[in-house]
Amino acid sequence: MSAHGGAIGKAPASQRAKDTGFRLTMLACLGLSVGLLALLLYDVVKDGASHLTMDFLTSFGSISADKAGAEAAIWGTIWIMVVCAAFIVPVGVATAIYLEEYADHSRWWNRLIEVNIQNLASVPSIVYGILGLAFLVRGPLSLGPVVLAGGLCLGLLVLPVVIIASREAIRAVPPSIREGSLALGATQWQTIRRQVLPASIPGIATGVILALSRAIGETAPLIVIGAATVIAFNPEGLDSRFTALPIQIFDWISRASNDVNNYKPLAAAAILFLMILLLLMNSVAIWLRNRYEQKW
Amino acid sequence: MAEHVTEPEDKQREAAPAGGVGIPDQGARFSRDGETEAEPRRPREAIFQLEKVVVSYGPKPAVRDVTFDVGRNEITALIGPSGCGKSTLIRCLNRMNDLIPGARVEGRVLYHGEDLYAPNVDAVEVRKRIGMVFQKPNPFPKSIYDNIAFGPRVLGRKQNLDETVERALTQAALWDEVKDRLKTNAFGMSGGQQQRLCIARCLAVNPDVILMDEPCSALDPISTGKIEDLMMELKREYSIVIVTHNMQQAARVSDKTAFFTVELASDDDHRTGRVVEFDDTEKIFTNPADSRTEAYVTGKVG
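Residues numbered from 1 in each chain as written. Chains lettered and ligands numbered in written order. Predicted model: local features only at pLDDT ≥ 70, side-chain atom pairs only at ≥ 80, totals over all residues. Heavy atoms only, no water.

## Looking at the overall build of chain B
Stage number 1. The secondary structure content of chain B amounts to 12 helices and 13 strands.
Stage number 2. Counting all 302 residues of chain B, 55% fall into the buried class.
Stage number 3. Sequence-distant contacts, at least 24 apart, represent 70% of the contacts inside chain B between residues at least 6 apart. (Helix = DSSP H or I, 4+ residues; strand = E, 2+ residues; numbered from the N terminus. Buried < 20%, exposed > 50% of the residue type's maximum accessible area, 1.4 Å probe, protein only. Contact = heavy atoms within 4.5 Å.)

## Concerning the pattern of salt bridges
Stage number 1. Counted under the stated rule, the structure contains 30 salt bridges over all chains.
Stage number 2. Lys46(A) is the salt-bridge partner of Asp43(A), the closest N and O atoms lying 4.0 Å from each other. With Asp43(A) and Lys46(A) both in helix H1 (residues 13-48) and 3 residues apart, this pair spans about one turn of that helix.
Stage number 3. Arg274(B) is paired through a salt bridge with Glu263(B); the nearest N and O atoms lie 3.1 Å apart. Residue Arg274(B) is found in strand E13 (residues 271-280), and its partner Glu263(B) is found in strand E12 (residues 256-264); the two are separated by 11 residues along the sequence.
Stage number 4. Relative accessible area serves as the criterion here: at 27%, Glu263(B) is assigned to the partly exposed category.
Stage number 5. Through salt bridges that share partners, Glu100(A), Glu114(A), Arg167(A) and Arg171(A) make up one connected network. (Salt bridge = Lys/Arg side-chain N within 4 Å of Asp/Glu carboxyl O.)

## A closer look at the interface of chain A and chain B
Stage number 1. Opposite the 18 residues of chain A that make contact, chain B presents 25 residues.
Stage number 2. Note on chain A versus chain B: buried area summed over both sides is about 1,700 Å², and carbon and sulfur give 63% of it.
Stage number 3. Together, Ala183(A), Leu184(A) and Arg194(A) form the three largest contributors to the area buried by chain A at its contact with chain B, with a combined 35%.
Stage number 4. Summed over the shared surface of chain A and chain B, the result is 1 salt bridge.
Stage number 5. In this structure, the connection of chain A to chain B is made through 4 residue pairs in polar contact (both at pLDDT 80 or more).
Stage number 6. For the side of chain A that touches chain B, the secondary-structure elements that each account for two or more residues are helix H7 (175-183) and helix H8 (188-215) of chain A.
Stage number 7. The biggest single contributor to the side of chain A that touches chain B is H7(A), with 7 residues.
Stage number 8. Partitioning the side of chain A that touches chain B into residue classes produces 7 nonpolar, 8 polar and 3 charged. (Buried area = accessible area lost by both parts, 1.4 Å probe. Polar contact = N/O pair within 3.5 Å; in protein donor to acceptor, adjacent residues only side chain to side chain. Nonpolar A, V, L, I, M, F, W, Y, C, P; charged D, E, K, R; others polar.)

## A word on the nonpolar core
Stage number 1. Ile80(A), Ile88(A), Leu154(A), Leu212(A), Leu222(A), Leu245(A) and Trp252(A) are the most contacted members of the largest nonpolar core, which totals 74 residues.
Stage number 2. Leu245(A) has contacts with Ala70(A), Ala73(A), Ile74(A), Thr77(A), Ala270(A), Phe273(A) and Leu274(A), leaving out every residue within four places of it along the chain.
Stage number 3. Counting residues in each nonpolar core, the second largest holds 44 residues, with Leu169(B), Leu174(B), Trp175(B) and Met212(B) among its members. (Core = buried A, V, L, I, M, F, W, Y, C linked by side-chain atoms within 4.5 Å.)

## Considerations on the packing of aromatic side chains
Stage number 1. For the coordinates displayed, the defined rule picks out 7 aromatic pairs over all chains.
Stage number 2. On the basis of an interplanar angle of 90 degrees and a centroid distance of 6.1 Å, the ring pair of Trp287(A) and Tyr292(A) is categorised as edge-to-face.
Stage number 3. Look at Phe140(B) and Phe150(B): their rings are 4.9 Å apart centre to centre, the planes differ by 65 degrees, and that puts the pair in the edge-to-face class. Residue Phe140(B) is found in the loop between strand E9 (130-133) and helix H5 (144-154), and its partner Phe150(B) is found in helix H5; the two are separated by 10 residues along the sequence. (Phe/Tyr/Trp six-rings, centres within 6.5 Å; stacked < 30°, edge-to-face > 60°.)

## Quick look at the pairing of strand E11 (residues 239-243) of chain B
Residues and elements named next belong to chain B.
Stage number 1. Where burial is concerned, most of E11 is hidden: 5 out of the 5 residues are buried.
Stage number 2. Of the pairings in the sheet, the one linking strand E6 (residues 75-79) to E11 comprises 4 bridges and is parallel in character. Bridge assignment links Thr76 to a residue of E11, and that residue is Val241.
Stage number 3. Of the strand pairs in this sheet, strand E10 (residues 209-213) and E11 are connected by 5 bridges, and their pairing is parallel. Across the sheet, residue Val209 finds its bridge partner in E11, namely Ser239.
Stage number 4. In the classification by handedness, the crossover that spans E10, the intervening helix H9 (residues 221-234) and the parallel E11 is right-handed. (Pairing = 2+ DSSP bridges. Right-handed = clockwise from strand over helix to strand, strands pointing away.)

Worth remembering: the numbers are spatial, not functional.
Encoded structure:
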């Protein structure tokens, strides 16, 4: 049978076997990761769902497990997230604009900054905790272990993520838009302010939300900077002491539990609440991206 | 900046030809269907005068030996094979090349007698007076209205915006097609409409000159015809410089034509464009002085 003339037929059996083998292997890998995740979720829901009540959300910590709740931790988390967002949005976006629109990439210092931002994104969070402790809580700023310090510390941690996401969003705006604007006699700043930024806001917002959803689950830096574990009040300002959900979870898990005082289900309930919050934030990010994404 | 550049454009246009070089008009032009029409003779006023212009994007020139001028209310076509530096050159005329790192312009580019590259000349001020339409339509991701209003808004001309928008769209022969959907996104228009929108956007800031860099290369023949008609209309009020790959287009619409060639360096394949011939379009296409021009316009070489 000539190569082109005969019936097309099937590929050789050995090739088909390899093909099937690969498909099954990849499916198994997928199954393993999704399965483990499902198991974890099931375990948390089983332990925590019945404790996730309004009472739980509106009570402070307590020595007695059945009276304890996560109110202080929830408000603490909200406070530090607001501080974190207020810090990372202007600083991150401005940095991204500088690097994309103004920086001369033939200069070594600009390239050095870029490489370092990439590196900073992968620095372990505990290092940021130490930085926060040495620089924000004590040392030059001496803020103490308060809301402002916690929010700024988490902000430093996720700032590289915001910068990288914002740069990508800005870079996605085609050069022809900038040219069109400049050719009309707009200045570079007018072009950025009225064309580039509006067109990249959906991408920037998505990046900010994803950065916040990373920050919201961070425990190590907050422990290092000395956030409280059990406090019976909500933060009242930037200079209030605070606790946060991940710390509360860590505290409940690490406490000795017995039949009378079982803190484990409380931890599970707080994990559930944190995950619901995360899911909501990520949904908003996806919705934003789909709703406002500009097709060029 | 010199006095005349800061005057309102309308006054400028009515003013006596300051930088006139006194070349008599040729009196006969090609119109779209090939017939000639008589026009009264008047002194020809140069908007741009280019003298030995060299543009480089690095150590070697991309285009050199460019000497010609652009007259008021004329359409000047830049033609020539790919890579000959036509687009590079036209982007010098409104200092768009400033945006490219390493771009350098030597020689003299005079605009109404003033050096465009003098140290005290601000590129933003230049671009307010010299509009540009690009190869690929590049509407902003905004409504049709906001596309047109963008220019006047950034220049602080916010009075009578509605009138400005209507006038610009009418001049670009687009008003009747879009007047009922001014608030819809410009991305929903056809390619030809988008390009006319870009022309209207340019007209809304009331420029002195319009530079067009292959404005029809992404368009179908019908849209191309509309843009060409539009150019003939616009040259009553504006001066136009157009880069085109399409020789028939140059023959149909332009008054003057500059023919570029490209020279390939023997050692490293570096391409350098240069102007071979600049003359009345009619002469370039019927009786060119240079044999290279003739070979190109008769289709013997691409």
